[in-house]
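So you can see what is in the structure, the chains are spelled out below.
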Amino acid sequence: MTASPARLRVAPSPTGDPHVGTAYMSLFNLAYARATGGQFVLRIEDTDRARYVASSEQQIYDTLHWLGLDWSEGPDIGGPYAPYRQSERLDTYRPFVDQLLEAGHAYYCWCSTERLAELRAEQQASKAAVTGYDRLCLGKTREERAQLPGFSETPVVRMLIPDDVELSFTDVIRGEVSAPRPDDQVILKADGFPTYHLAVVVDDHLMGITHVVRGEEWISSTPKHLLLYRWLGWAEPAFAHMPLLRNTDKSKISKRKNPAARLTWFVEQGYLPEALRNFLQLLAYPPVVEGEDVASFEEFVAAFDWAKVNTTGPIFDLAKLNALNGHYIRALSADELGDRVVEFAVREGQWTQPSEHDDALLRKAVPLVQERLVLLSEAVPKLAYLFTPDAELEIDPDALAKTGPDAAAVVAAATTALAGLGEWNHEAIQAALREALVEGLGIKPKFAFGPVRLAVTGSNVSPPLFESMELLGRESSLARMAKLAARL
RNA sequence: GGCCCGUUCGUCUAGCGGUUAGGACACCGCCCUCUCAAGGCGGAGAUCACGGGUUCGAAUCCCGUACGGGCUACCA
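Here's what I pulled together on the structure shown here. (Residues numbered from 1 in each chain as written. Chains lettered and ligands numbered in written order. Predicted model: local features only at pLDDT ≥ 70, side-chain atom pairs only at ≥ 80, totals over all residues. Heavy atoms only, no water.)

## Things to note about the sheet that holds strand β7 (residues 186–188)
- Strands sit in the order β3-β4-β7 across an open sheet of three strands; the sheet is antiparallel. Only two strands of the sheet have a single partner each, and these edge strands are β3 (106–111) and β7. For this sheet, the mean angle separating the axes of adjacent strands, direction not counted, is 50°.
- Direction of pairing for β3 relative to strand β4 (residues 151–159): antiparallel, over a ladder of five bridges. Looking at the pairing, Cys109 lines up with Val156 of β4.
- Running over the sheet, helix α3 (residues 90–102) touches β3, β4 and β7 and is turned about 100° from β3. (Pairing = 2+ DSSP bridges. Helix = DSSP H or I, 4+ residues; strand = E, 2+ residues; numbered from the N terminus. Axes fitted to C-alpha atoms, helices over the stretch in contact; angles between N-to-C directions. Contact = heavy atoms within 4.5 Å.)

Written as structure tokens, this is what we have:
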């Protein structure tokens, strides 16, 4: 029942911010590699010079590492099949192109992009049943083709798709699937770079990839790849086409429509990598234990099964991610959460040049908000009142307006009680305030502490009041009450 | 237009011929409570896209239709 060690890869293109789909594919690739005791490889597919973004490659490394999805071979760390960057493998592809050319499986095409565009426009306008390249260049020499219009000096190489091309294949997730009949696909571009179709097949074969796991959008290209494997005399890998992540409007998830399509967005928002990983694990895949969304990657791996992957594209809805993020935040130790909050706040500019005192205060205050956070980004704003000078603390006008007739008396009584308090800690503060307000003034706890909270935090909603006062100290707490008293 | 892939509560999902169609998140209520949370308990929410078959019996199998998505590039 145990499968033999599998080699899988993820092959993102450095064309901008890393895509969330890359993380999703990586997660499933890595899981299966782990489940079988195999390897997970990272390959950079930078064959599109026009869309290439230099900074993107490093971002791919960073975000994938942030998620804990580590590879054992890749452009950054090398490996037995290096190089792992397609732009550095141009010499590798060329001989196979020549081989296909000689065997008659491929041919040169000198058609200009303009001619191709016109051809496509015509086909679309005439609603032709058959679309694709018209094979004008097939069987022609350069000289013969040059006589005809729409000629370009630099040719591309196209596959000659046979009439009897096999259109169905077995997918690890979907079983038997069929795909559209391919066009005479370009495999070598005019600039000498291979297209994805050639490069992916050559690299996957040469790198010993056993399972090609990719998005559903590649189903229609698979017959081309299968043809290439056959022509080159190579054994084909297993294919697993994952469903596409979708926007709320059900379209394929895109950076344009959905900020969450960018992996860096999660880092910027204050999501925990373990929460995102857990969330991704739940998309198109049932929980490891029914009814229990929370599961570690190890548990996921131990129960991993391609047959459990759904074929329906899940909508990427943040509500559950938020719930998971809150869960993982609460699961952290106070120290660990303190580290993460500080790291986040400094990195995202919420916290500039903290003094030693402020740093220590923030770490002491973080436990007060731990079970109140959904995102790391909420910590500093929620605790801002602790770092605001007493004189500058703003009182929420709405809360002030809603203040009851007892407010002045409450603040006065609280001030008296706290001024003479011996020990300054939250237990003592609470006891003193209860005695003075609840018992002394006969006000229900629910209402008694409202004015004090407003004075100390500036709001009627805040982290725990007594603990906050302990951290602020007596002097500051009393100053804030005096300030509110003046406005009541 | 053509060819493919898909369709169970708002969302993520369980289900693989016989279930009161289960759970999670979100939502609502109650409890707890110094506010807000967290936690506990409970509730509402799915004629299983629709129409035909097959079958004693269908969310589950088959065929249509509708709807959604993908591909149809010298992009991946």
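## What to know about the protein's contact with RNA strand B
- Inspection of the region around RNA strand B gives 65 residues, with Ala284, Asp293, Glu371, Arg434 and Arg453 positioned closest.
- A share of 73% of the atoms of RNA strand B within 4 Å of the protein falls on sugar and phosphate groups.
- Taking Gly291, its main chain carries an N or O atom lying 3.5 Å from a sugar or linking oxygen of RNA strand B.
- Within the contact set of RNA strand B, a phosphate oxygen lies 3.3 Å away from a side-chain nitrogen or oxygen of Thr312.
- If you list the elements that add at least two residues to the surface near RNA strand B, you get α4 (113–125), β4, α11 (318–331) and α20 (465–472).
- Top contributing element to the surface near RNA strand B by residue count: α11, with four residues. (Near = heavy atom within 4 Å. Polar contact = N/O pair within 3.5 Å; in protein donor to acceptor, adjacent residues only side chain to side chain.)

## What about α4?
- Across its 13 residues, α4 extends 18 Å between first and last C-alpha, which sits within 8% of the 18 Å expected from 1.5 Å per residue.
- Along α4, the positions that sit buried rather than exposed are Arg115, Leu116, Leu119 and Gln123. The buried residues of α4 occupy one face: seen down the axis, they fall within an arc of 100°. Exposed side chains of α4 directed beyond 90 degrees from the buried face belong to Thr113, Glu114, Glu118, Gln124 and Ala125. (Expected span 1.5 Å × (residues − 1). Buried < 20%, exposed > 50% of the residue type's maximum accessible area, 1.4 Å probe, protein only. Arc of directions from axis to C-beta.)

## Comments concerning empty space enclosed by the protein
- If you walk through the whole model with that rule in mind, you get one cavity of 30 Å³ or more.
- Reported here for the largest cavity is a volume of approximately 30 Å³.
- If you go around the largest cavity, the residues you meet are Asn278, Gln281, Leu282, Tyr285, Pro286, Pro287, Val288, Asp293, Ala295 and Phe300.
- Residues that form the lining of the largest cavity fall into these classes: seven nonpolar, two polar and one charged. (1 Å grid on protein atoms, 1.4 Å probe; cavity = no way out; pocket = protein on both sides within 12 Å on 5 of 7 lines; lining within 4 Å. Points joined across faces, edges and corners; volume = space filled by probe spheres on them. Nonpolar A, V, L, I, M, F, W, Y, C, P; charged D, E, K, R; others polar.)

## Regarding unusual backbone geometry
- A cis amide bond, omega -5°, links Ala82 with the succeeding residue Pro83.
- Structurally, Pro83 is set in the loop between α2 (56–66) and α3.
- Residue Lys250 is not a glycine yet carries a positive backbone phi of 75°.
- Here Ala284, not a glycine, exhibits a phi torsion of approximately 60°, which is positive.
- Within the fold, Ala284 resides in the loop between α9 (273–281) and α10 (297–302).
- By relative accessible area, which is 7% here, Ala284 ends up buried.

No statement about biological role is implied by the geometric values presented.
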